[in-house]
Amino acid sequence: MSLLCCGPFRRSRRHHATHAKPEDADDGPRFFLRQRTMSIFANSNHHSKKFIRHMVGMTVATVASPAQVQHTWPSRKPTVDEISTDSSAHPLAQPPPYLSTEILDAFERVYKDLCGTDELLSRAKFEKFLETTQGETNVKLDQHEYRYGEFLHFWANHYQWEATRPLPDKDVSKPLTNYFINSSHNTYCIGNQLISRSSAEVYKHVLRRGCRCIEIDVWNGDAAVPTSGQAKTAKNHQRGISGSSFPNVATSVMDAYEDTYAKYFSPSGSHAHSVSATSRLEHDPSPRSSTRFSADTRESRDRLDVSRTSRSRSRHPSPKGEPIVTHGWTFTAPCGFREVCQAVREAAFVENDLPIIVSLEVHADEDQQEVMVKIMKEEWAGVLVEKPFGDYDPKFRLPKLGDLRNKILVKVKKAQSKIVVSPATVDVPLVYAHDDDDSGSEDERPALINSASAPTTVMVDQVQKGAKVRICENLANLGVYTRSQHYKSLETPEAKKPPHIFSISEDRILELHQKQHRAMFTHNKNYFMRAFPAGRRIDSSNPDPSLFWRGGVQMVAMNWQNLDEGMMLNEGMFADEDGWVLKPPGYQSTNKSSETQHDAAAGHTMDLKITVLAGHHIPVQACNPTEPTRSARSLRPLVKAELHVDKPSESEREGNTQDYTYKQRSNVGKTDHPDFGPQGSVLEFLNIPKVVEELSFIR
């Protein structure tokens, strides 16, 4: 496969506006970091385009490789006036972007290659180029021959310069477990996992960008009156700092920090220009991220497009008596549960009508859980799945994707049976124990529960394995088709029930993939599994999601606030897919023969060739804003490409001495309008084995 691509980049006014100097700021020198790495491909998802352009201010034109024909290049290219004259019979649907001399040179070379020895481009050659090289369908040309201006005009306005072709219509006729689902981890968090803020606005933006599985961590809010649970234990229990009290401490600490920062570091010295504490505490790039755009995570949170007003100190307090959303046992300032539910309802089905899974991590007591149920039924009335419908009894099967349009599914644990035992039986201290299905809670500290003050009605599992938050029956009943289940084994009876979801940390899933691959792969063809980042990723870095997709894991929860390697691959998987991607045929529940990844999709050998022709207006952030031209002249850009495919194992490489190349880089260009020469700079990936198109990516 041969692909020629060129990226005419365009400076974005909005991009530079983010660095505008405040009116009351000093006139001293201001320094900016240059964007080190950027994607040269956009996709037709307009929210992703907006997302990318906000960071790097660019647009992309992509052309594909014509047959190489030897001929003499003309000494002069057509002028802009000549191009306009040639195209006068075809008024542009929209004004064309400004194209640099380097880009016009590259396009002219494409045209001359196609013409060969002919003076003008024939309709047959143009059609062949559009169909076989560009991959266009329904090509209709109305002229017998095309001059350069006509060629450029018709190509740009009728078929555009997109690197990706339109996707086929989505098949929504399969049960839910047959799809990969665009998922978010600790969705409320706008910074790192220890010191940050929670924001309801984040839910709006991730949903509009295609996320279909969001996470909400719910804790007790400030009670208007003592709850029944507090009343029972107040006499003999002296409360220290707890998971629920951490958010109040976090809010106070972060407010004090912002006051101090605004006083001593803000250019104006006023609170109006204060920034979040997390923007000063997250400078270090992730050691697991191969791509960083800035050392300042204020820009990382800007990628979520959360308005700065939502991060200011003027926050609306949560209503008394209602739960809050926060990351427990950390200094993460909270937001209200009702506020989050309202944000979800507002953005849930704006961009597409495919269902949303709300993963609840519940740390609130039973009284607050009843409040949660009341809030969800109020805010999600008409879209919340509260009971089985149609012929889909969750004991036997799950609904098809198309049957759940405009619906919200709640993922929550079931209510455990209560057994009344004598007080003498409850002599063992009850310890807060972490379950795999409480994603992101690996850093929570254990809290001892005084057995003397514990109620005599307990769960047997609590006595044996430590106390977990009890899920009230009304809340558990909302887990109709998506029920959290603590992972013990793939052979337990619970592992055969259709609605169960195993939420397991990334490290443990990779271990299962290695040691019990057949059992895990077979399970994931029929039932849900969810992966979440390891607790060590306090910097909100992400794993490589493709490792889990290849094992059939439907939901890989990602930290959306961090655009690292993992998040780029996630964007690639779900671009234009509305958050649900049908698995390859061998991964689906209807396929009874495949029991391993290799059986399901053995892959094929691939040759990939990418030719970089030229660049256009690569955005430059000058170290000295007074000399932008000098910085543009000194820029030395290059293009890096990396294949993300399933690599051969050691046993598969036995007897094969060939080295496979998965990373390539172009020649180094010059200035912000680089020209990589008449033949371009070629990136080649040859004889790459085990390529499964649906699960392979180039970044």
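The structure under discussion appears in the preceding block.
Definitions and limits used
Residues numbered from 1 in each chain as written. Predicted model: local features only at pLDDT ≥ 70, side-chain atom pairs only at ≥ 80, totals over all residues. Heavy atoms only, no water. Helix = DSSP H or I, 4+ residues; strand = E, 2+ residues; numbered from the N terminus. Contact = heavy atoms within 4.5 Å. Areas by Shrake-Rupley, 256 points an atom, 1.4 Å probe, with all protein chains shown as cover. Patch = residues over 30% accessible without salt bridge, like charges linked within 9 Å, V, L, I, M, F, W, Y side chains within 5 Å. Salt bridge = Lys/Arg side-chain N within 4 Å of Asp/Glu carboxyl O. Lys, Arg positive; Asp, Glu negative; His and termini not counted. Charge placed at Lys NZ, Arg CZ, Asp CG, Glu CD. Buried < 20%, exposed > 50% of the residue type's maximum accessible area, 1.4 Å probe, protein only. Phe/Tyr/Trp six-rings, centres within 6.5 Å; stacked < 30°, edge-to-face > 60°. Lys NZ or Arg CZ within 6 Å of the ring centre and 35° of its normal. Axes fitted to C-alpha atoms, helices over the stretch in contact; angles between N-to-C directions. Parallel < 35°, antiparallel > 145°, perpendicular 65-115°, else oblique. Left-handed = near helix turned anticlockwise from the far one by under 90°. Nonpolar A, V, L, I, M, F, W, Y, C, P; charged D, E, K, R; others polar. Pairing = 2+ DSSP bridges.

Secondary structure summary: the chain contains 21 helices and 26 strands in total. When contacts within the chain are restricted to residue pairs at least 6 apart in sequence, those whose partners lie at least 24 apart make up 78%. Total accessible area on the chain stands at roughly 32,500 Å², and carbon and sulfur atoms take up 51% of it.

Our focus in this paragraph is a positive patch on the surface. Positive charge collects at one region of the surface, where K640, K647, K663 and R665 lie side by side. Of note, K647 is situated in the loop between β23 (640-644) and β24 (663-665). Exposure remark for K647: the relative accessible area of 42% places this residue in the partly exposed category.

Glancing now at the packing of aromatic side chains. Here the distance between the centres and the angle between the planes together describe a pair of aromatic rings. Within the structure shown, the criterion is met by 18 aromatic pairs. Relative to W549, the ring of F180 has its centre 6.4 Å away and its plane inclined at 55 degrees; by these criteria the two rings are tilted. Here F180 is found in strand β5 (residues 179-184), whereas its partner W549 is found in helix α18 (residues 545-549), with 369 residues between them in sequence. Feature note: the residues F107, Y111, F126, F129, Y146, Y148, F151, F154 and W155 constitute an aromatic cluster, connected by ring pairs. Between the NZ or CZ atom of K647 and the centre of the ring of Y662, over which it lies, the distance is 4.6 Å.

This part is about the environment of A347. Relative to the assigned elements, A347 resides in helix α12 (residues 337-347). A C-alpha to C-alpha distance of 9.0 Å links A347 and V206, two positions 141 residues apart in sequence. When sequence neighbours within four positions are dropped, the list of residues in contact with A347 reads K204, L207 and R208.

Contact geometry of helix α7 (residues 201-208) with α12 gives a least axis separation of 8 Å together with a crossing angle of 25 degrees. One way to sum up the angle between α7 and α12 is to call them roughly parallel. The two elements α7 and α12 meet at a crossing, and its hand is right-handed. Contact residues: Y203, K204, L207 and R208 in α7; V340, A343, V344, E346 and A347 in α12. Considered class by class, the residues forming the contact of α7 with α12 number six nonpolar, no polar and three charged.

Buried residues dominate helix α19 (residues 565-574), accounting for eight of its ten residues. Every buried residue of α19 is listed here: E565, G566, M567, L569, N570, E571, M573 and F574. Positive phi shows up at D576, right after α19, with a value of about 65 degrees.

Turning next to unusual backbone geometry. Most peptide bonds take the trans configuration, and most residues that are not glycine carry a negative phi. Phi at N138 is positive, roughly 55 degrees, even though this residue is not glycine. Its place among the elements puts N138 in the loop between α5 (123-133) and β4 (145-146). At T671, a residue that is not glycine, the phi angle is positive and equals roughly 65 degrees. Inspection of the secondary structure assignment puts T671 in the loop between β24 and β25 (681-691). Take T671: its relative accessible area is 26%, and that puts it in the partly exposed class.

This brings us to the pairing of strand β20 (residues 555-558). Side chains of β20 alternate between two faces, with M555 and A557 and V556 and M558 buried alike. Sheet topology places β5 next to β20; four bridges connect them, and they run parallel. Counted as the bridge partner of I181 is M555 from β20. Both strand β19 (residues 528-532) and β20 contribute to a ladder of two bridges, which runs parallel. Across the sheet, the residue bridging to R530 is M555, located in β20.

Here we come to the environment of E571. Examined against the element boundaries, E571 turns out to sit in helix α19. On a C-alpha basis, the gap between E571 and R209 in space is 9.4 Å, while along the polypeptide they are 362 residues apart.

Turning to the side chain of S184, a few remarks are in order. Following the sequence through the fold, S184 ends up in strand β5. On the accessibility criterion, S184 (2% relative accessible area) is buried. Apart from the residues lying within four places of it in its own chain, the contact partners of S184 are C211, C213, I214, E215, R530, A557, M558 and W560.

Before going further, it helps to examine the sheet that holds β24. Strand order in the open sheet formed by three strands is β24-β23-β26, and the pairing between neighbours is antiparallel. Pairing within the sheet leaves two strands with one partner each, and these edge strands are β24 and β26 (697-698). By the bridge criterion, two bridges tie β23 to β26 in an arrangement that is antiparallel. Note that in β26 the partner of H644 across the bridge is F697.

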